[in-house]
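# Breakdown of the fold
Each chain, written out:
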Amino acid sequence: MLQEVPRDQLRHAMVLPASVEKRFHRIEKEFAALTRLAAHGLQPRRRVLLHGPPGCGKSLGSERLAWNIGLPLLKVRFDTLLSSYFGETHSNLRKVFDAAEATPCALFLDECDTLARSRTERNDVGEATRITNALLEMLEGYRGDGLVIAATNLDSSLDTALIRRFDEVLRIPLPATDEIEGILKTTLSAVATEKGLPWTQLAREMDGMSCSEVTQIGRNAAKHAVLEDRKKVTECDLRFALTEIHERHHQAP
């Protein structure tokens, strides 16, 4: 049910709007000041909800938090967590939270809407609602020394009672043009690039793309340069990778 992400696989560099970056940093700063906060009877934010469109960086956000506060990241595998029987799902949930409380970690509940869609949108009052209630109770009762991070692509479908259980709710938007440029440069920072690349113009042409798509363009451009026996990534390589993404969008069902 739980899968630990090795620390050497954590990708913790992010390019975020200043307002969102500030709130991420605040969570990290609170964990760095655990002792000082405890001296005043205070606790850091321990339950964080990340939401936003697909590919905006929610998984990367969980990895960044785990890395910066020095905790192992444990991802919940929902395919093994869910069961057709409420008793089994409840037991699986309990095991996950017990494990997170026993050893300090960053527990990552990805696509938490799988368990916690708004009860008002359901016609049933049976198993699904009981599972949601069980998750609410476990979030409310979490007393671990680590962090619980939940992520969802949804906004309106999340149960409002679930949202209230979190100490911090962060919306990660699609990157703006200047952030796209930053993501592209960060992705290509380990390879040589030709001088005079039109970074801003390329970023404008990627407007509306997700963080993951921009990252993919940078990586594919670097691979294209290698395959073409070039020592530096050129505008041609970047435009080749950009065209590939556009073609994929047109071919999508």
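An account of the accompanying structure is given in this report. (Residues numbered from 1 in each chain as written. Predicted model: local features only at pLDDT ≥ 70, side-chain atom pairs only at ≥ 80, totals over all residues. Heavy atoms only, no water.)

## Focus on helix 1 (residues 18-32)
- For helix 1, with 15 residues, the first-to-last C-alpha span of 21 Å sits near the 21 Å given by 1.5 Å per residue.
- Burial in helix 1 covers these residues: V20, F24, I27, E28, E30 and F31. Considered in projection along helix 1, the buried side chains sweep an arc of 160° and stay on one side of the axis. Helix 1 presents A18, S19, K22, K29 and A32 as exposed residues on the side facing more than 90 degrees away from its buried surface.
- Looking at the buried residues of helix 1, the elements they touch are helix 2 (34-39), strand 2 (47-51), helix 3 (58-69), strand 5 (147-152) and strand 6 (168-171). (Helix = DSSP H or I, 4+ residues; strand = E, 2+ residues; numbered from the N terminus. Expected span 1.5 Å × (residues − 1). Buried < 20%, exposed > 50% of the residue type's maximum accessible area, 1.4 Å probe, protein only. Arc of directions from axis to C-beta. Contact = heavy atoms within 4.5 Å.)

## Brief notes about the side chain of E30
- By the element assignment, E30 lies in helix 1.
- In this structure, E30 is in contact with L37, P44 and R45, ignoring residues within four places of it in sequence.

## Focus on the state of the cysteines
- Overall, the coordinates contain 0 disulfides when judged by the stated rule.
- Unpaired in terms of disulfides, C56 finds its nearest cysteine sulfur in C211, a separation of 8.1 Å. (Disulfide = S-S within 2.5 Å.)

## Some remarks on the environment of E140
- Considering the arrangement of structural elements, one finds E140 in helix 7 (residues 127-141).
- Separated by 24 residues in the primary sequence, E140 and R164 place their C-alpha atoms 9.5 Å from one another.
- Excluding its chain neighbours within four sequence positions, the residues that come into contact with E140 are R47 and R165.
- Separated by 3.0 Å, the side chains of E140 and R165 make a polar contact. (Polar contact = N/O pair within 3.5 Å; in protein donor to acceptor, adjacent residues only side chain to side chain.)

## Section: the packing of helix 1 against helix 3
- Where helix 1 contacts helix 3, the axes come no closer than 9 Å and their chain directions differ by 35°. Remark: the crossing between helix 1 and helix 3 carries right-handed chirality. Seen from helix 1, the contacting residues are E21, F24, H25, I27, E28 and F31; seen from helix 3, they are G61, R64, L65, N68 and I69.
- For the contact of helix 1 with helix 3, the per-class residue count stands at 5 nonpolar, 3 polar and 3 charged. (Axes fitted to C-alpha atoms, helices over the stretch in contact; angles between N-to-C directions. Left-handed = near helix turned anticlockwise from the far one by under 90°. Nonpolar A, V, L, I, M, F, W, Y, C, P; charged D, E, K, R; others polar.)

## Re unusual backbone geometry
- Positive phi values are uncommon outside glycine, yet D229 reaches one of about 60°.
- Here D229 lies in the loop between helix 11 (211-227) and helix 12 (235-251).

## What to know about the pattern of salt bridges
- Taken as a whole and judged by the stated rule, the model has 14 salt bridges.
- The salt bridge partner of E28 is R64, with a shortest N-O separation of 2.5 Å. Of this pair, E28 sits in helix 1 while R64 is found in helix 3, placing the two residues 36 residues apart along the sequence.
- Assessed through its relative accessible area of 9%, E28 is described here as buried.
- Across the pair R94 and D98 runs a salt bridge, and its minimum N-O distance is 3.1 Å. In this pair, R94 and D98 both sit in helix 5 (residues 86-102), 4 residues apart, roughly one turn of the helix.
- Under the relative-accessibility criterion, R94 is labelled partly exposed at 31%.
- Ionic contacts of the salt-bridge type, sharing partners, join the residues R23, R26, E30, R45 and E168 into one network. (Salt bridge = Lys/Arg side-chain N within 4 Å of Asp/Glu carboxyl O.)

## Overview of the nonpolar core
- Ranked by internal contacts, the top residues of the largest apolar core, which has 23 residues, are L93, F97, L107, L109, L139, V148 and L162.
- Of all the elements in the fold, those that place two or more residues in this core are strand 3 (73-76), helix 5, strand 4 (106-109), helix 7, strand 5 and helix 8 (160-164).
- Of the residues forming this core, the biggest block, 5 residues, is contributed by helix 7.
- Listed in part, the 22 residues of the second largest apolar core include M14, I27, C56 and A106. (Core = buried A, V, L, I, M, F, W, Y, C linked by side-chain atoms within 4.5 Å.)

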